[in-house]
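# A look at the structure
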Amino acid sequence: MEDNRMKTHVTVVAVLMIVLGILGVFVVSAVGFFYNYLKDFIPLQDIPDFAVPLIEIAIVFFLVVAGSLAILELAAGIGLLACKNWARIVGIVVAGFNCLSVPIGTLFGVYSIWVLVQDDTVKMCGRQA
């Protein structure tokens, strides 16, 4: 009975991670596309010369980190549907980063961590390693 209920919680976390991962990849792609398209229209003469490369490095860094987290979240969700132990560990790490996104990401991150560290979840995912 308890195992079946935790399986439902793991499935909910997996589906939400897949949805958020796909949404994250889409948002990062859109931001990258629009930045690349719109940077030609930004008047650079108003910005100090030393700041332009720093701004571009910060934007690229954000896109790489956010894109990597979105891909990891998508992979963790797919792995959790198959109840793989590696996906449970990656899911805990990604959920920790989700906690930084207040308030919805925090709620989802705390719920995901709670589900993924339960003894029943560890046993369920560990037996199919």
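Our subject in this report is the structure included herewith.

### A word on the nonpolar core
Grouped together as the largest cluster of nonpolar side chains are 14 residues, with contacts concentrated most on Val10, Val13, Met17, Leu80, Val115 and Met124. For this core, the elements supplying multiple residues, two or more each, are α1 (2–38), α2 (51–81), α4 (104–116) and α5 (119–126). A per-element tally of this core places α1 first, with five residues. The contact partners of valine 115, leaving out residues within four places of it in the chain, are Met6, His9, Val10, Val13 and Thr121.

### Description of helix α3 (residues 85–98)
Given a rise of 1.5 Å per residue, 14 residues ought to cover 20 Å, and the 20 Å separating the end C-alpha atoms of α3 matches this to within 8%. Residues of α3 that are buried include every one of Ala87, Arg88, Gly91, Val94, Ala95 and Asn98, and no others. Taken end-on, α3 shows its buried residues confined to a sector of 130°, consistent with a single buried face.

### Some remarks on the layout of surface pockets
Put simply, the largest pocket is a space of about 490 Å³. Along the walls of the largest pocket sit 19 residues, with Leu20, Gly24, Glu73, Asn98 and Ser101 positioned nearest its centre. Of all elements in the fold, only α1, α2, α3 and α4 reach the threshold of two or more residues within the lining of the largest pocket. Ranked by residue count, the leading element in the lining of the largest pocket is α1, at seven residues.

### Description of the environment of alanine 70
Checked against the element boundaries, alanine 70 lands in helix α2. Residues alanine 70 and alanine 58 lie 12 residues apart in sequence; the distance between their C-alpha atoms is 18 Å. Among all residues touching alanine 70, those that are not within four sequence positions of it are Gly21, Gly24 and Val25.

### Digging into unusual backbone geometry
Here the bond from valine 102 into proline 103 is cis, since omega is 0°, no more than 30 degrees from zero. One can find proline 103 in the loop between α3 and α4. One non-glycine residue, cysteine 83, adopts positive backbone phi at about 55°. When you line up the elements, cysteine 83 lands in the loop between α2 and α3.

### Topic: the side chain of asparagine 98
By secondary structure assignment, the location of asparagine 98 is in helix α3. Using a relative accessible area of 15% as the deciding quantity, one classes asparagine 98 as buried. Excluding residues within four positions of it along the chain, asparagine 98 makes contact with Glu73, Gly105, Thr106, Phe108 and Gly109.

### Concerning a nonpolar patch on the surface
A contiguous nonpolar patch, built from Leu20, Leu23, Phe26, Val27, Val31 and Phe62 and spanning about 550 Å² of accessible area, is present on the exposed surface. In terms of residue count, the dominant contributor to the nonpolar patch is α1 (five residues). Assignment of secondary structure puts leucine 20 in helix α1.

Scoring rules and cut-offs
Residues numbered from 1 in each chain as written. Predicted model: local features only at pLDDT ≥ 70, side-chain atom pairs only at ≥ 80, totals over all residues. Heavy atoms only, no water. Core = buried A, V, L, I, M, F, W, Y, C linked by side-chain atoms within 4.5 Å. Buried < 20%, exposed > 50% of the residue type's maximum accessible area, 1.4 Å probe, protein only. Helix = DSSP H or I, 4+ residues; strand = E, 2+ residues; numbered from the N terminus. Contact = heavy atoms within 4.5 Å. Expected span 1.5 Å × (residues − 1). Arc of directions from axis to C-beta. 1 Å grid on protein atoms, 1.4 Å probe; cavity = no way out; pocket = protein on both sides within 12 Å on 5 of 7 lines; lining within 4 Å. Points joined across faces, edges and corners; volume = space filled by probe spheres on them. Patch = residues over 30% accessible without salt bridge, like charges linked within 9 Å, V, L, I, M, F, W, Y side chains within 5 Å. Areas by Shrake-Rupley, 256 points an atom, 1.4 Å probe, with all protein chains shown as cover. Salt bridge = Lys/Arg side-chain N within 4 Å of Asp/Glu carboxyl O.

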